[in-house]
Amino acid sequence: MTKRFENKVVVITGGSDGIGLATAKLFALEGAHVYITGRRQAQLDEAVKEIGHGAVGVQGDVTQPADVARLYQRIQQDYQKVDVVFANAGIYEVAHLDAIDSTHVDSIFNINVKGVVFTVQHALPLMGSGGAVVLNGSIAGSKGLPGQSIYNASKAAVRSFARSWTNDLKERGIRVNVVSPGGTETPLIRSYLDANPGVEDALNNSVPMGRLGEPNEVARAVLFLASDESSFVAGHELFVDGGVAAV
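Reading the values: rules and limits
Counting restarts for each chain, with residues numbered from 1 along the sequence as it is written. Where local features are concerned, this predicted model is filtered to residues with pLDDT of at least 70; where side-chain atom pairs are given and counted, the filter is 80 or more; whole-chain, interface and lining totals use all residues. Hydrogens and water are ignored here; the side-chain numbers use all heavy atoms of the structure. Strands here are runs of E lasting at least two residues and helices are runs of H or I lasting at least four, both read from the DSSP assignment and numbered beginning at the N terminus. Throughout, radius of gyration means the C-alpha value; the globule benchmark is 2.2 Å times the number of residues raised to the power 0.38. Note on exposure labels: buried denotes an accessible area under 20% of the residue type's maximum, exposed denotes more than 50%, and partly exposed covers the range between, all computed with a 1.4 Å probe on protein chains only. Any two residues whose heavy atoms approach within 4.5 Å at even a single point are treated as in contact. Areas reported as accessible are Shrake-Rupley estimates using a 1.4 Å probe. Residue values count occlusion only from the protein chains shown. Should DSSP find at least two bridges between two strands, the strands are regarded as paired. Lines fitted to the C-alpha atoms define the axes, with helices restricted to the stretch that makes contact. Angles between their N-to-C directions range from 0 to 180 degrees. Each crossing gets its hand from how the near helix is turned against the far one by less than a right angle, where anticlockwise is left-handed and clockwise is right-handed. It is the directions from the helix axis to the C-beta atoms whose arc is reported. Just to be clear on terms, a salt bridge is a Lys or Arg side-chain nitrogen sitting within 4 Å of an Asp or Glu carboxyl oxygen. Angles are sorted into four bins: roughly parallel if under 35 degrees, roughly antiparallel if over 145, roughly perpendicular if 65 to 115, and oblique for all others. Polar here means any residue other than Ala, Val, Leu, Ile, Met, Phe, Trp, Tyr, Cys and Pro, which are nonpolar, and Asp, Glu, Lys and Arg, which are charged; Gly is therefore polar.

Draft legend 1. Structural detail: the overall build of the protein. Helix and strand content of the protein: 8 helices and 7 strands. Its C-alpha atoms give the protein a radius of gyration of 17 Å, near enough to 18 Å, the size a compact globule of 247 residues would have. Taken along its principal axes, the extent of the C-alpha atoms in the protein is 50 × 35 × 35 Å. Going through the 247 residues of the protein one by one, you find that 50% of them count as buried. Pairs at least 24 apart in sequence give 71% of the contacts found in the protein among residues at least 6 apart. Carbon and sulfur atoms form 52% of the exposed surface of the protein, whose accessible area is close to 11300 Å².

Shown next, in the form of structure tokens:
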């Protein structure tokens, strides 16, 4: 490990499993003080043990501003700064156009859009020049994937945030970028694929590299975007999808 994040304070929402957990482990190995959030305390506690290196779990829901504020209050007490934010928390749900209802719209936009806004907004008082924000998008934000128009739109909003916030924060020296995975072997995706036979083969066949991604592959892209190695990269969307969006 190169210790690129020695003594940096890193916040990862939705850090209890999947991409968030994989990313937290890599940041911790590279010397960061890692704070993760999650809604389920038991799962959060297990993740903290798995990450090690003094990682801290703060239970909370990113759709609740009071929970997000409590996270940053803890960090203010401990270190008085935030260097990196990975706004990762999100959900995936399928609903065809004729089946969309207000509950579906609210659940996706509350977490995938509203939660991202509050996560970044509340971090800003603790961030200074050289800070980095990475948003977890998806290739769905650039594709017209059937049966998930609300999810697609929520990820398109995340992509738009990176553009707008790059301009909003340029005077403060804070960079904002998006990592956009394709199909990735997370517990959430695995449960969906197991419940829908045939979907996995179709998904693999749609990927030029012929397989799902691994959480660590996305995590390494997040660390690049958060590091000084990407010091002149801003407002960018980095696809980690085996070539789906590009080909």
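After that view, the rundown keeps rolling.
Draft legend 2. Region of interest: the sheet that holds strand S5 (residues 132–136). Spatially, the 7 strands line up as an open sheet ordered S3-S2-S1-S4-S5-S6-S7, and their pairing is parallel. Where the open sheet ends on each side, the last strands, each with one partner, are strand S3 (56–59) and strand S7 (237–240). When the angles between neighbouring strand axes are averaged without regard to direction, this sheet yields 20 degrees. Two strands pair when backbone bridges link them, and strand S1 (residues 9–12) and strand S4 (residues 84–87) are joined in this way by 3 bridges, in the parallel orientation. Paired with isoleucine 12 across the strands is phenylalanine 86, a residue of S4. In the packing of helix H4 (residues 102–123) onto the sheet, contacts are made with S4 and S5, and the angle to S4 comes to roughly 170 degrees.

Draft legend 3. Structural detail: the packing of helix H1 (residues 18–29) against helix H2 (residues 41–51). At a minimum axis distance of 9 Å, the contact between H1 and H2 shows a crossing angle of 35 degrees. You can see that H1 and H2 cross each other, and the crossing is right-handed. Counted together, Leu21, Ala24, Lys25 and Ala28 of H1 and Ala47, Glu50 and Ile51 of H2 form the full contact between these two elements.

Draft legend 4. Spotlight on H2. Along H2, the residues classified as buried are Leu44, Ala47 and Ile51. Around the axis of H2, the buried residues are gathered within 60 degrees of arc, so they sit on the same side. In this structure, H2 carries Ala42 and Lys49 as exposed residues pointing more than 90 degrees from its buried face. Its buried side turned inward, H2 meets H1, strand S2 (33–38) and S3. Count one or two residues on from H2 and you reach glycine 52, which has phi positive near 65 degrees.

Draft legend 5. Main features of the pattern of salt bridges. A full pass over the atoms with the stated rule returns 12 salt bridges. For arginine 4, the salt bridge goes to glutamate 229, with nearest N and O atoms at 3.2 Å. One end of the pair, arginine 4, is in the segment before S1; the other, glutamate 229, is in the loop between helix H8 (215–226) and S7, and 225 residues separate them in sequence. With relative accessibility at 27%, the residue arginine 4 sits in the partly exposed group. Under the relative-accessibility criterion, glutamate 229 is labelled exposed at 52%. Put simply, arginine 70 and aspartate 67 hold a salt bridge, and the shortest N to O gap is 3.3 Å. Taken together, the residues span about one helical turn, with arginine 70 and aspartate 67 both in helix H3 (residues 65–78) at a distance of 3 residues.

Draft legend 6. Representation of the packing of H4 against helix H5 (residues 149–169). The geometry of H4 relative to H5 is characterised by a closest axis approach of 9 Å and an angle of 15 degrees between their N-to-C directions. With respect to each other, H4 and H5 are oriented roughly parallel. Pair H4 / H5 crosses with right-handed handedness. Residues His104, Val105, Ile108, Phe109, Asn112, Val113, Val116, Val117 and Val120 of H4 form the contact with H5, whose participating residues are Ile150, Tyr151, Ala153, Ser154, Lys155, Ala157, Val158, Phe161 and Trp165. Classifying every residue of the contact of H4 with H5 by side-chain character gives 14 nonpolar, 3 polar and 1 charged.

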